[in-house]
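One letter stands for each residue in the lines below.
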Amino acid sequence: MKCEFHRKEAEHCESHIIPKFAYKWMKKTGSGRFRQLGKFNSPIQDGIKKYMLCKDCEGKFSKYEKWFNEKVFKPYINDCNFVVKNERELKYFIVSVLWKVLKLFKDDGNNYNFKTDLNNAEIEWGNYLLNDEPITKYKNLHLVLVDSNYWIEQKSDLYFSRSIDIEIAESDKLCFIYAKFSRFILIGEIIGFSENSFQNTNITIENEFRSTNQIINESGIIQFFMDRVNNTKEYDDLSVKQKENNAKYYKNKLESLRETDYMKLQNKYK
Ligand SMILES: [Zn+2]
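Procedures and definitions
- Residues numbered from 1 in each chain as written.
- Predicted model: local features only at pLDDT ≥ 70, side-chain atom pairs only at ≥ 80, totals over all residues.
- Helix = DSSP H or I, 4+ residues; strand = E, 2+ residues; numbered from the N terminus.
- Buried ≥ 20, exposed ≤ 12 C-beta atoms within 10 Å, placed from the backbone.
- Contact = placed C-beta atoms within 7 Å.
- Pairing = 2+ DSSP bridges.
- Axes fitted to C-alpha atoms, helices over the stretch in contact; angles between N-to-C directions.
- Parallel < 35°, antiparallel > 145°, perpendicular 65-115°, else oblique.
- Left-handed = near helix turned anticlockwise from the far one by under 90°.
- Nonpolar A, V, L, I, M, F, W, Y, C, P; charged D, E, K, R; others polar.
- Core = buried A, V, L, I, M, F, W, Y, C linked by C-beta atoms within 7 Å.

Undergrad: Just to check I follow, could you spell out the overall build of the protein chain for this structure?
TA: A tally of regular secondary structure across the protein chain gives seven helices and ten strands. The buried share among the 270 residues of the protein chain stands at 37%. In the protein chain, 72% of the contacts between residues at least 6 apart in sequence involve partners at least 24 apart.

Undergrad: Help me out: how do you make sense of the sheet that holds strand β7 (residues 184–191) in this one?
TA: Across a sheet, paired strands are connected by hydrogen bonds in the backbone, their directions being either parallel or antiparallel. In spatial order, the strands read β4-β7-β6-β5; together these four strands make up an open sheet with antiparallel pairing. Two strands close off the open sheet at either side, each with one partner strand: β4 (141–145) and β5 (165–170). Across the sheet, the axes of successive neighbouring strands diverge by a mean angle of 15 degrees, strand direction being ignored. Alignment of strand β6 (residues 175–181) against β7, held across seven bridges, turns out to be antiparallel. Its bridge partner being in β7, C175 is matched across the sheet by I191.

Undergrad: Looking at this structure, I do not really get the packing of helix α2 (residues 55–78) against helix α3 (residues 88–106). What am I missing?
TA: Geometrically, a packed helix pair is captured by the angle between its two axes and the distance between the axes. The interhelical angle for the contact between α2 and α3, taken along N-to-C directions, is 120 degrees, at an axis separation of 9 Å. Classified by the interaxial angle, the pair formed by α2 and α3 is oblique. Crossing of α2 against α3: the hand is left-handed. Facing α2, whose interface residues are F61, Y64, E65, W67, F68 and V72, α3 presents E89, L90, Y92, F93 and S96. Grouping the constituent residues of the contact of α2 with α3 by class yields eight nonpolar, one polar and two charged.

Undergrad: Can you help me understand the packing of α3 against helix α4 (residues 115–131) in this one?
TA: Running from amino to carboxyl end, α3 crosses α4 at an angle of 140 degrees, the nearest separation of the two axes being 10 Å. Crossing of α3 against α4: the hand is left-handed. Packed against α3, whose contacting residues are Y92, V95, S96, L98, W99, L102, K103 and K106, the element α4 presents L118, A121, E122, W125, G126, Y128 and L129 at the interface. Class assignment of the residues belonging to the contact of α3 with α4 gives a composition of ten nonpolar, two polar and three charged.

Undergrad: Would you mind showing me how to read unusual backbone geometry here?
TA: Note: most peptide bonds trans; most residues except glycine with negative phi. The backbone of R7 shows a phi angle near 60 degrees, a positive value even though the residue is not glycine. With respect to the secondary-structure elements, R7 resides in the segment before β1 (12–16). A count of 11 C-beta atoms within 10 Å places R7 in the exposed class. A positive phi is found at S182, a non-glycine position, where the angle reads about 50 degrees.

Undergrad: Is there a simple way to think about the nonpolar core in this case?
TA: Within soluble globular proteins, side chains that are nonpolar tend to cluster in buried spots. Formed by 61 residues in total, the largest nonpolar core has its most connected members in I94, V95, L98, V101, A179 and L186. With ten residues, α3 is the single largest residue contributor to this core. Leaving out residues up to four positions away in the same chain, L98 has contacts with W125, L141, I177, A179, L186 and G188.

Undergrad: Would you mind going over the pairing of β7 with me for this structure?
TA: A regular strand carries its side chains on alternate faces of the sheet. Most of β7 is tucked away: seven of the eight residues are buried. Bridge analysis of β4 against β7 gives five bridges, and the strand direction is antiparallel. Bridging from a neighbouring strand, H142 pairs with I187 of β7. Counted between consecutive antiparallel strands, the loop separating β6 from β7 contains two residues, among which S182 sits at a positive phi close to 50 degrees.

Undergrad: How should I be thinking about the environment of H142 in this particular structure?
TA: If you trace the backbone, H142 turns up in strand β4. A count of 27 C-beta atoms within 10 Å places H142 in the buried class. In the structure, H142 is positioned 61 residues away from I203 in sequence and 5.8 Å away in space, judged by C-alpha atoms. When neighbours within four sequence positions are excluded, H142 is seen to be in contact with L186, I187, F198, T201 and N202.

Undergrad: Help me understand the environment of I94, please; the structure alone is not making it clear to me.
TA: One can find I94 in helix α3. Residues I94 and L141, spaced 47 residues apart in sequence, show a C-alpha to C-alpha distance of 7.9 Å.

Right under this line is the structure:
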C-alpha cells in the first residue's frame, strides 16, 4: 500500500486523526461518556484511527504532536490566560491535523461542492508538510482558543470544552476544514471567507494567540457551532430506555443552551 502522505510504497500504521493526548486528557478528566460527532459515532475511548500513513511519516507527525502537547496543550489547559507563541512547530502541527481531517473525509464518497478546492488544498498542505514548500493559497489557518471563563457558559462545556469533533464543513458558499479537541479549535479556510472573518487567530499572520482577543465574525461558523452543540445530544449513545428517562433532562438542557450560549456567542461576535 502507498503511504498517503509521502506517496511511496510502505507498510501502513494506524494514525490518530486527533492526537492521542487529547483523548487521554478527556478520559482522565471527564465522565468518558462523550461521543464522536460528525460522521462517526464510535466511543471516543478508541479515538479516530485510520491506516493512512507509514511508520516514518506517522513518526514525523507525532514529533509535532508531542511538541504541541508540552508547549501549548498542557499550559493552556492549566491556565486560559496562557499566551500561545506562534512557532514553526505550531504551524506544522495545525497543518498536519487539518491535512489528516481533509484526507480522511475528502474521498469518502461525499459530494462536496468544493471538491476541486479540497483537492488543491490537500496538495498544497501536503507539499508544505513534506517538502517545506510555502502555503500560498490555502494559508488562512486559524487557532481558536476556547476560554472557559467567558467565551462559553458552563452548560455548553459539553461541546466547547470537551468534545472531539472533526469535519469538512460546507454550505453553498462556505467551506472549511474543522478540528476541535479539548479547548482548541482548528479551522482551515477553503473558500468563501471575507478578510475580517477572523481576528487574532490566523497562524500565517499572528505572532501570538490569546483567548481574550480572538473574534469570529462569520455567521456561517457561528451557525456551524450551534449545530454541533445541538448534535452533541443526537449522537449521545444512550439506550432507548435511557433516552426516554433522560428526554426531559436533555430537552431542558438544550433549551438552556439555546437561550444562553447562542446569545452569548452572537453577542461576542457582534
Ligand atoms: Zn510515509
